[in-house]
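# Observations on the model geometry
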Amino acid sequence: MYIGKVVGNVVCTQKDEGLNGLKLLVVQPLKDDLTPKGKLQIAIDTMGQAGKDDLVYLAKSGESSLPLKKYKPLVPSDAGIMGIIDTYNIQD
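Presented here is a report on the structure given in the accompanying data block. Keep in mind it's a predicted model, so treat the numbers as computed, not measured. (Residues numbered from 1 in each chain as written. Predicted model: local features only at pLDDT ≥ 70, side-chain atom pairs only at ≥ 80, totals over all residues. Heavy atoms only, no water.)

### Quick look at the overall build of the protein chain
When you go through the protein chain residue by residue, the secondary structure sums to 0 helices and 5 strands. N-terminal to C-terminal, the α/β element order of the protein chain is β-β-β-β-β. Across the protein chain, contacts joining residues at least 24 apart in sequence account for 57% of those joining residues at least 6 apart. When the accessible surface of the protein chain is split by element, carbon and sulfur atoms take 50% of a total near 6,100 Å². (Helix = DSSP H or I, 4+ residues; strand = E, 2+ residues; numbered from the N terminus. Contact = heavy atoms within 4.5 Å. Areas by Shrake-Rupley, 256 points an atom, 1.4 Å probe, with all protein chains shown as cover.)

### A short note on the packing of aromatic side chains
Counted by the stated rule, this structure contains 0 aromatic pairs. One residue, Lys60, lies across the ring of Tyr2, its end atom 5.5 Å from the ring centre. (Phe/Tyr/Trp six-rings, centres within 6.5 Å; stacked < 30°, edge-to-face > 60°. Lys NZ or Arg CZ within 6 Å of the ring centre and 35° of its normal.)

### Description of the environment of Asp33
Following the sequence through the fold, Asp33 ends up in the loop between strand S2 (24–29) and strand S3 (41–45). Along the sequence, Asp33 and Asn89 sit 56 residues apart, while their C-alpha atoms lie 9.0 Å from each other. Reaching out from Asp33, the side chain makes a polar contact with the side chain of Thr35 at a distance of 2.6 Å. (Polar contact = N/O pair within 3.5 Å; in protein donor to acceptor, adjacent residues only side chain to side chain.)

### Quick word on the nonpolar core
In terms of nonpolar packing, the biggest core is built from 10 residues, these being Tyr2, Val6, Leu25, Val27, Ala43, Ala50, Val56, Leu58, Ala79 and Ile81. The set of elements that each furnish at least two residues to this core consists of strand S1 (2–10), S2, strand S4 (55–60) and strand S5 (79–84). What Val27 contacts, discounting residues up to four positions off in sequence, is Gly4, Lys5, Val6, Val7, Leu40, Gln41, Ala43, Val56, Leu58 and Ile81. (Core = buried A, V, L, I, M, F, W, Y, C linked by side-chain atoms within 4.5 Å. Buried < 20%, exposed > 50% of the residue type's maximum accessible area, 1.4 Å probe, protein only.)

### Quick notes on the sheet that holds S2
Overall, mixed pairing links the 5 strands, which are arranged S1-S2-S3-S5-S4 in a closed barrel. Strand-to-strand twist in this sheet, taken as the mean axis angle between neighbours without regard to direction, amounts to 55°. Pairing analysis gives 4 bridges linking S1 to S4, with the strands arranged antiparallel. Residue pairing for S4: Ile3 is matched across the bridge by Tyr57. (Pairing = 2+ DSSP bridges. Axes fitted to C-alpha atoms, helices over the stretch in contact; angles between N-to-C directions.)

Here it is, written out as structure tokens:
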């Protein structure tokens, strides 16, 4: 898992059938000190509650769609938002 910040959303008029009804968000992955790390990513909001400027934690690859398996057996994804972070701190 890793953390990121939601910086935007994606609107698709046509998409894979497995993505119907799911919200797609643009996420900037972050380092532990909350500075940007790498390129922007498109992530499925598995909870449907994340929005712009939210700090979130994500999973990659197959794990990214695990929360959706109960409702959708096959969801094509590379990243999935697993939760919204309320507080975040690192102790030295």
